[in-house]
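# Working through the structure, step by step
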Amino acid sequence: MRSAHIRSVAVAVAVTTAATGLAGTAFAGPATGERRPAATASATTAAQVVAAARTAAFAHAAATGVGAGDELQPQDVMIDPEGARHVRFVRTHRGLPVLGGDLVVHLSRRLAYTGVTRAADHTVRPAATEAKLTARQAEEKAAAAADGDAGTARLVVDARDGAAALAYQVAVDGSNGSSTVVVDALTGKVRSNTPDSDEFLSPRLLDTLRRHGETLDPATGIGAQAQALAGASVSAAVHYPVTAHGSGRSLFVGKVPLTTTQTARRSFLLKDPTRYGTETRDAKGRETESFGQGTKFTSTTDSWGNGTTTSRGSAAADAQYGITETLDFYKKAFGRKGIANNSKPARAMVHWGSKVGNAFWDSACGCMLYGDGDGDEIKKPLVVLDVTGHELTHGVVDATAKLEPTRVDNDGNQFGEPGALNESLADIFGSGVEFFADNPKNPPNYLLGEKLGLRQKFLRRLDHPSLDRLEGTVDYWSPEVTDAEVHAGSGVSSHAFYLLAEGSGRKTIGATTYDSPTYDGSTVTGIGRARATAIFYRALTRYMVSSTDFHDARIATLKAAKDLYGASGVEYRTVDQAWAAVNVTEADTPVARH
């Protein structure tokens, strides 16, 4: 059973600048627009940017929604090559954390206010200031709702659903994993019950697989048998540990290079010192969110796995390879240093739990957890490359916009556009990891889960999402998408991204043929994957917040395109065309979205 924890209201940031509470705050380099250490930036410091943004937020209260009793805690400072500044804040009201109170304040090069992106489009001041329920009563209701053991309740302001209410937030360690439950402090109504981990396979999909008699049984064995590799040749004068270069025989992508740590003349550890100490460990069947309880993978030959499930190291080779490729993708494409952009390791535990048929990003562990499959619907560990890229992107979203579903049903299925956008971004950047890795054993494409052994040959696809019959993914926006299951709804923005990158109609890319339709019969000419990916990443990190829906995402990507390429460029026009082609336009924006 996973240990309970509260889904973070604020991203933890180490302190190096006392005035701001930001550690290692970094600034944009000229090539990527991502952040570089403040020491190498201009004379403007992080403290000055945060102070200016905070002052602007209160000075422009009508636009930002910040008012009396509010305090703003900075989570991120970004400075773009063209000089724009962006500060992401979370909020407290009269000392209480505000759920859905996050905002990004935008400034010019001269620190003048230029706008805001805010999650709550209403006041966050609750009508009642005194709770009628006791903390103990809230804990009991939360425990009943999530069927588990409740932690300590804390008072918060819940501003996520069109109004602000006094509420209790409670962590619950349930039979199906840990979750965060929010209970109304006046009525006792459960306002939300949200899982703390982002699982790759939803309960609805697993049920569909059972009903269809389908299994996930990806082909393995392509790695053949491992060949012992000699350890790095070093002299007696070497002081350990040192960086070594080994090889993994993975389940799904054959033989892969792995950078490891040599701890003695014939002793190696599956830990990459060149990527912040990123490491994969063996959970040994334990359900633990403590990475320290995982068993280290060691070798005398710097060779890991044998390409089959008979070696525990094979899944570890896939996991370590997938994580390092994902880290390299984010660093080389955007200058992002780690999942949370804090130069800390990404971690994984394989062989997690007993008969667990899933893989997921766990924010409490700060790592990827991979089950071995349940032996029924899921036959093997889901350590596939695009699964890893997808799930680690949930970690990136968790460290930036914190997109969350608007509701979760009793079976754990998630609904709503912000959650669907989260799933879509995970698919978009998971596909990007495949293209970046360009592994011939895992040819890159705009399909997700094509190696899982499904009869429809993929799980989801970006070019024509509705070809996914298992999850009922949609191609276009409609009012019904507002409350769609998140994987089904994800097709709207995934389709818009594909159209932006590759355009509409039929084409073959690599070994895969695509035929992407449009809602209005229009023809869209793509601008290329690199520019489309840059626009969506800029939009995520600068202009999305926890409540961003598809119409908000259209605005966010238009702003990002304007930042990167100008408002008169083909990129900006194509962003607008791509969203119109999936029926997301300014004209059909719902009146009440949040």
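Only a predicted model underlies this, so the values are computations on that prediction, with no experimental measurement involved.

### A look at the overall build of the chain
Helices and strands together make up the secondary structure of the chain, namely twelve helices and 30 strands. When the 594 residues of the chain are sorted by exposure, 58% land in the buried category. The contacts in the chain between residues at least 6 apart in sequence include a share of 63% that link residues at least 24 apart. Carbon and sulfur atoms make up 50% of the accessible area of the chain, which amounts to about 22500 Å² in all.

### Re the state of the cysteines
Applying the stated rule across the entire model yields one disulfide. The disulfide partner of Cys365 is Cys367, and the S-S distance across this bridge is 1.8 Å. The S-S bond linking Cys365 to Cys367 shows a torsion near 100°; that makes this disulfide right-handed. When its relative accessible area of 3% is taken as the criterion, Cys365 is described as buried. A relative accessible area of 0% means that Cys367 is categorised as buried.

### What to know about the pattern of salt bridges
By the definition in use, this model includes 24 salt bridges. Put simply, Arg542 and Asp80 hold a salt bridge, and the shortest N to O gap is 2.7 Å. You can see Arg542 sitting in helix 10 (residues 529-543) and its partner Asp80 sitting in the loop between strand 3 (70-79) and strand 4 (85-93), a full 462 residues away along the chain. For the pair formed by Arg542 and Asp80, the shared burial category is buried. A salt bridge links Lys402 to Asp398, with the shortest nitrogen-to-oxygen separation between them at 3.8 Å. Within the structure, one salt-bridge network assembled from shared partners comprises Asp80, Glu82, Arg538, Arg542 and Asp563.

### Considering the packing of aromatic side chains
Summed over all chains, the structure comprises 18 aromatic pairs. On the basis of an interplanar angle of 70° and a centroid distance of 5.0 Å, the ring pair of Phe329 and Tyr330 is categorised as edge-to-face. Of the two residues examined, Phe329 and Tyr330, each falls in the buried class. For the pair Trp352 and Phe360, a centre-to-centre distance of 5.3 Å together with 90° between the ring planes defines the contact as edge-to-face. Accessibility expressed as a relative area gives 2% for Trp352, which makes it buried. On the accessibility criterion, Phe360 (1% relative accessible area) is buried. The side chain of Arg407 reaches across the aromatic face of Phe415, ending 3.9 Å from its centre. If you follow Arg529 out to its NZ or CZ, it ends over the ring of Phe435, 3.9 Å from the centre.

### Section: unusual backbone geometry
With an omega of 0°, the peptide bond running from Tyr240 to Pro241 counts as cis. Looking at the secondary structure, you find Pro241 in the loop between helix 4 (203-212) and strand 14 (242-249). In the Ramachandran plot, Leu111 falls in the positive-phi region, its phi being about 70° despite a non-glycine side chain. Looking at where Leu111 falls in the secondary structure, it is placed in the loop between strand 6 (103-107) and strand 7 (113-118). Even without being glycine, His351 reaches a positive phi, approximately 55°. We classify His351 as buried; its relative accessible area is 7%.

### Observations concerning the pairing of strand 11 (residues 177-184)
Burial runs high along strand 11: eight of the eight residues are buried. Here strand 11 shows no split at all, with Gly177, Ser179, Val181 and Val183 on one side and Ser178, Thr180, Val182 and Asp184 on the other all buried. Of the pairings in the sheet, the one linking strand 10 (residues 165-174) to strand 11 comprises eight bridges and is antiparallel in character. Opposite Val170, over in strand 11, you have Val181 as the bridge partner. Counted between consecutive antiparallel strands, the loop separating strand 10 from strand 11 contains two residues. Both strand 11 and strand 12 (residues 190-195) contribute to a ladder of five bridges, which runs antiparallel. Residue pairing for strand 12: Val182 is matched across the bridge by Ser192. Connecting the antiparallel pair strand 11 and strand 12 is a turn made up of five residues, with Gly188 showing a positive phi of about 85°.

### As for the packing of helix 7 (residues 417-437) against helix 10
Packed helices, taken two at a time, are described by the angle their axes make and the gap between the axes. The geometry of helix 7 relative to helix 10 is characterised by a closest axis approach of 11 Å and an angle of 140° between their N-to-C directions. On the basis of the axis angle, helix 7 is oblique to helix 10. Both helix 7 and helix 10 take part in a crossing whose hand is left-handed. Of helix 10, the residues touching helix 7 (which contributes Leu425, Ile428, Phe429 and Phe435) are Arg529, Thr533, Phe536, Tyr537 and Leu540. For the contact of helix 7 with helix 10, the residue count by class is seven nonpolar, one polar and one charged.

### Considering helix 5 (residues 312-334)
Over its 23 residues, helix 5 extends 34 Å from the first C-alpha to the last, a length consistent with the 33 Å expected when each residue adds 1.5 Å. Phi turns positive, to about 75°, at Gly335, one or two residues after helix 5.

### Considering the side chain of Thr64
Looking at the secondary structure, you find Thr64 in helix 2 (residues 61-64). Here the side chain of Thr64 touches Ala57 through a polar contact of 2.6 Å, landing on its backbone oxygen. Setting aside anything within four residues of it in sequence, one finds Thr64 in contact with Ala57, Arg91, Leu103, Tyr113, Val116 and Arg118.

Thresholds, definitions, all that
- Residues numbered from 1 in each chain as written.
- Predicted model: local features only at pLDDT ≥ 70, side-chain atom pairs only at ≥ 80, totals over all residues.
- Heavy atoms only, no water.
- Helix = DSSP H or I, 4+ residues; strand = E, 2+ residues; numbered from the N terminus.
- Buried < 20%, exposed > 50% of the residue type's maximum accessible area, 1.4 Å probe, protein only.
- Contact = heavy atoms within 4.5 Å.
- Areas by Shrake-Rupley, 256 points an atom, 1.4 Å probe, with all protein chains shown as cover.
- Disulfide = S-S within 2.5 Å.
- Salt bridge = Lys/Arg side-chain N within 4 Å of Asp/Glu carboxyl O.
- Phe/Tyr/Trp six-rings, centres within 6.5 Å; stacked < 30°, edge-to-face > 60°.
- Lys NZ or Arg CZ within 6 Å of the ring centre and 35° of its normal.
- Pairing = 2+ DSSP bridges.
- Axes fitted to C-alpha atoms, helices over the stretch in contact; angles between N-to-C directions.
- Parallel < 35°, antiparallel > 145°, perpendicular 65-115°, else oblique.
- Left-handed = near helix turned anticlockwise from the far one by under 90°.
- Nonpolar A, V, L, I, M, F, W, Y, C, P; charged D, E, K, R; others polar.
- Expected span 1.5 Å × (residues − 1).
- Polar contact = N/O pair within 3.5 Å; in protein donor to acceptor, adjacent residues only side chain to side chain.

In short, shape yes, function no, at least from these values alone.
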